[in-house]
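Listed here are the chains, written in short residue letters.
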Amino acid sequence: MASREEIWNVIHKHLVDTVENLDGQEIDTSKSIMDLGANSLDIVEIVSCSIRELKIKVPRNELNNLKNIDELIDLLHKVSNASG
Amino acid sequence: MAPSIAQPHLYPVGPFSGGPFHQACLEHDPRSWIDLPGADRLPVRLQSAHPARKRDFIAGRLCARRALMNLGRETREPLPMREDGLPRWPAGTLGSLTHTRGFASALVAPAGTVRCLGLDSENWIPQKRISRIAPWVITDNERNNARRYSDKWFPRMFTVMYSAKESVIKCMYPLDGIRSGLLDWEIGLEDFGSGRFTFKSTRNSNSEIHPATEGWGGFVIDDQRVMTFVHV
């Protein structure tokens, strides 16, 4: 079971690894990942690497309609708590 | 499609132009800004977006403007953005936009000629990246089918399949409002040289919610990327 902050730290690491020029920037989690400069393939990589690192299983249809990073954190937190 | 160039270059006719379809493409240096009349009126949500996102938005809008002009629809303002981030096409038209690093394109058609369409482009995905994301993109069935080709070809097969799925998802979404996932569709590439692919839903319930559960689309490739197109 991971806290919301731990989940954000994992997502943040993969976000800055994947999207250019984000490292060191303050990131507004109410924004969509795309507005932070990621393309659709980057998003697949950021989400899949985060889920793999957190060792959780997320129903795939729940990932399709996420609007921003806050919603992604909330979903992974909910799944992590349910499986913890 | 020519290699990337320092100055943006707009191609007023794209490879999928023909019949009711009008396509425009733009190649640009992804490190440089692109001027677009009206770009100072970016949607509010994009004003603080990453420069790459703003650049993609502008590149896509330039293509949309040109493709609509080819259709006989002059637009002065950049195409507005819907709440869900998709472009709001002028009444009587429908279309699809795509952008990838250094490239953008728009495809439009008069409303009534097709129910929906989807366009996507992807730069070739390197094997290292594919290893990290493959289980999230292709089904076991697709992976087995791709094994008929040599390892050397796998990254290209994978990129075409990924782009084809993105085109299908974009095509279906405006009609049903349901954003399906990459594993909800299986892509068939029986003959890579044909420039055609087939798509089929992997979910039984899709017949109730999507306008089509199977069909085919087209793709074109060059040294840098693939571009795919689907319409229903």
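Each remark here, short or long, concerns the structure printed above.
Along every chain, residues carry numbers that run from 1 in the direction the sequence is written. A letter from A marks each chain and a number from 1 marks each ligand, given out in the order of writing. Only residues with pLDDT of at least 70 get local features here, since the model is predicted, and only at 80 or more are side-chain atom pairs given and counted; chain-wide, interface and lining totals rely on the full set of residues.

**Considerations on the interface of chain A and chain B**
Counting residues at the interface gives 16 residues for chain A and 19 residues for chain B. In the side of chain A that touches chain B, the residues fall into six nonpolar, seven polar and three charged. For the purpose of contact definition, each residue receives a C-beta atom placed from its backbone, and two residues are in contact when these atoms lie within 7 Å. Under the scheme applied here, ten amino acids are nonpolar (Ala, Val, Leu, Ile, Met, Phe, Trp, Tyr, Cys and Pro), four are charged (Asp, Glu, Lys and Arg), and all others, including Gly, are polar.

**A look at the sheet that holds strand β2 (residues 22-27) of chain B**
Residues and elements named next belong to chain B. By the convention used here, strands pair only if DSSP detects at least 2 bridges between them. A helix here means a DSSP run of H or I that spans at least four residues, while a strand means a run of E at least two residues long, and both kinds are numbered starting from the N terminus. Judged by pairing direction, the sheet is antiparallel, and its four strands sit side by side in the order β1-β2-β4-β3 without closing on themselves. Here the strands that pair on one side only, and so sit at the sheet edges, are β1 (9-11) and β3 (93-100). Going from strand to strand, the sheet's axes swing by 15° on average, the running direction of each strand aside. With eight bridges connecting them, β3 and strand β4 (residues 103-110) associate as antiparallel partners. For Ser96, the partnering residue across the bridge sits in β4 and is Leu107. Across the sheet, helix α1 (residues 51-70) lies against β1, β2, β3 and β4, angled at about 35° from β4, the strand it touches most. Structural elements are reduced to axes, namely lines fitted to C-alpha atoms, with helices fitted over the stretch in contact, and the angle between N-to-C directions of any two is expressed from 0 to 180 degrees.

**Here's the deal with the pairing of strand β5 (residues 117-123) of chain B**
Residue and element names in this part refer to chain B. Here exposure depends only on C-beta density: within 10 Å of a residue's C-beta, 20 or more other C-beta atoms make it buried, 12 or fewer make it exposed, and intermediate numbers make it partly exposed, the C-beta atoms being placed from the backbone. The element β5 is extensively covered by neighbouring structure, given that six of its seven residues are classed as buried. Of the pairings in the sheet, the one linking β5 to strand β9 (residues 225-231) comprises seven bridges and is antiparallel in character. Bridge pairing in β9 links Leu119 to Phe229.

**A few points about the nonpolar core**
Residues and elements named next belong to chain B. Counting residues in hydrophobic clusters, the biggest one holds 72 residues, and the most contacted among them are Cys63, Leu107 and Met161. Counting residues per element, this core draws most heavily on helix α4 (residues 154-176), which supplies ten residues. Mapped onto the domain boundaries, this core takes at least three residues apiece from domain 1 (9-114) and domain 2 (120-231). If near-sequence neighbours (up to four positions away) are discounted, Leu107 is found in contact with Phe16, Phe21, Gln23, Ala67, Gly95, Ser96, Leu117, Leu119 and Phe229. Think of a nonpolar core as buried Ala, Val, Leu, Ile, Met, Phe, Trp, Tyr and Cys residues chained together by C-beta atoms that fall within 7 Å. Here the limits of each domain have been adopted from an automatic or database domain assignment.

**Section: the environment of B:Thr228**
Here B:Thr228 shows up in strand β9. If near-sequence neighbours (up to four positions away) are discounted, B:Thr228 is found in contact with B:Asp120, B:Val160, B:Ser163, B:Ala164, B:Ser167, B:Gly217 and B:Phe219.

**Structural notes on unusual backbone geometry**
Where the residue is not glycine, phi is negative for most of them; where a peptide bond is considered, it is trans in most cases. All names here are of chain A. Its identity is not glycine, yet Asn21 carries a phi of approximately 60°, on the positive side. Tracing the backbone shows Asn21 in the loop between α1 (4-18) and α2 (40-54). We classify Asn21 as exposed; it has 11 C-beta atoms within 10 Å.

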